[in-house]
Amino acid sequence: MTYKKLLINVKSIINKNQNMFDNLNDVEVKETVNYLPAGVHEVKVVEVKTSAQREGYTGTPYTEFKVSNSNGIAYLKMSGADSNTSENAVRVRKEIFKGFLQAAGAKNFNSIPMACKETVGNTINVCLGEREYWTNDKDTGEPVIKSVVEYRFANSQGKPITWMDKYNKKLSPSDMASYEAARNAHVGTGSNATDDLPF
């Protein structure tokens, strides 16, 4: 291909691309976000939000802390309680919540909003663990195993955390059995459709 023909082809491609959109001036490019993986991280608390700030939200109340370091960010969600929450679950959630607040430097526990605000700007050590769960693929309906990174616990900045594999949670035997049963049923449904084919 000669230089002249190459130049003509490039101009043709440019002209075609100009017809894709009117302009890109009103497009906001979002910065790529890196999320912290399972493990131990020293992070700074940069923001706190509650479910009360979500318009129309009617689920279990929660408080969410955004933490970050040079490697990425994480959202630490602390679940509250509603009329369906058992007494034992309420006790455990309170312990988890207060444990985080204490590690993050909160002092005023007479006011939960004040205690939450006291954590912002402070540096702590957090342990994040990976939890497996299974669900149905939204496109195919096929049962699939997925994972999510969740908050486990926190220590103050001067108190390191030693990672242990137990902080990651695999599917329990009963959940794995449910997944296998659902998967076998799905595969069986798919195979039945071809039972009467001649090959």
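Reading the values: rules and limits
- Residues numbered from 1 in each chain as written.
- Predicted model: local features only at pLDDT ≥ 70, side-chain atom pairs only at ≥ 80, totals over all residues.
- Heavy atoms only, no water.
- pLDDT = per-residue confidence, 0-100.
- Contact = heavy atoms within 4.5 Å.
- Core = buried A, V, L, I, M, F, W, Y, C linked by side-chain atoms within 4.5 Å.
- Buried < 20%, exposed > 50% of the residue type's maximum accessible area, 1.4 Å probe, protein only.
- Helix = DSSP H or I, 4+ residues; strand = E, 2+ residues; numbered from the N terminus.
- Patch = residues over 30% accessible without salt bridge, like charges linked within 9 Å, V, L, I, M, F, W, Y side chains within 5 Å.
- Areas by Shrake-Rupley, 256 points an atom, 1.4 Å probe, with all protein chains shown as cover.
- Salt bridge = Lys/Arg side-chain N within 4 Å of Asp/Glu carboxyl O.

1. Description of the confidence of the model for the chain
Then, in step 1: Counting all residues, the mean pLDDT for the chain is 89, and 84% of those residues have values of 70 or more.
Then, in step 2: Taken together, the stretch residues 191-199 has pLDDT below 50 and engages in zero contacts with residues farther than four places along the chain or on a different chain.

2. Notes on the nonpolar core
Then, in step 1: Membership of the largest hydrophobic core comes to 21 residues, with the highest contact counts inside it found for Phe65, Leu76, Phe100, Leu101, Ile124 and Val126.
Then, in step 2: Counting only elements with at least two residues in this core, the list comes to strand S1 (39-50), strand S2 (62-69), strand S3 (72-79), helix H2 (87-103), helix H3 (112-119), strand S4 (123-136) and strand S5 (143-156).
Then, in step 3: The biggest single contributor to this core is H2, with four residues.
Then, in step 4: Once you skip the residues sitting within four places of it in the chain, phenylalanine 65 turns out to touch Val45, Glu47, Val48, Ala74, Tyr75, Leu76, Met78, Phe97, Phe100, Leu101, Cys116 and Thr119.

3. Thoughts on a nonpolar patch on the surface
Then, in step 1: A surface patch of nonpolar side chains, amounting to about 450 Å² of accessible area, comprises Phe21, Leu24, Val27 and Val29.
Then, in step 2: Among the structural elements, phenylalanine 21 can be located in the loop between helix H1 (3-18) and S1.

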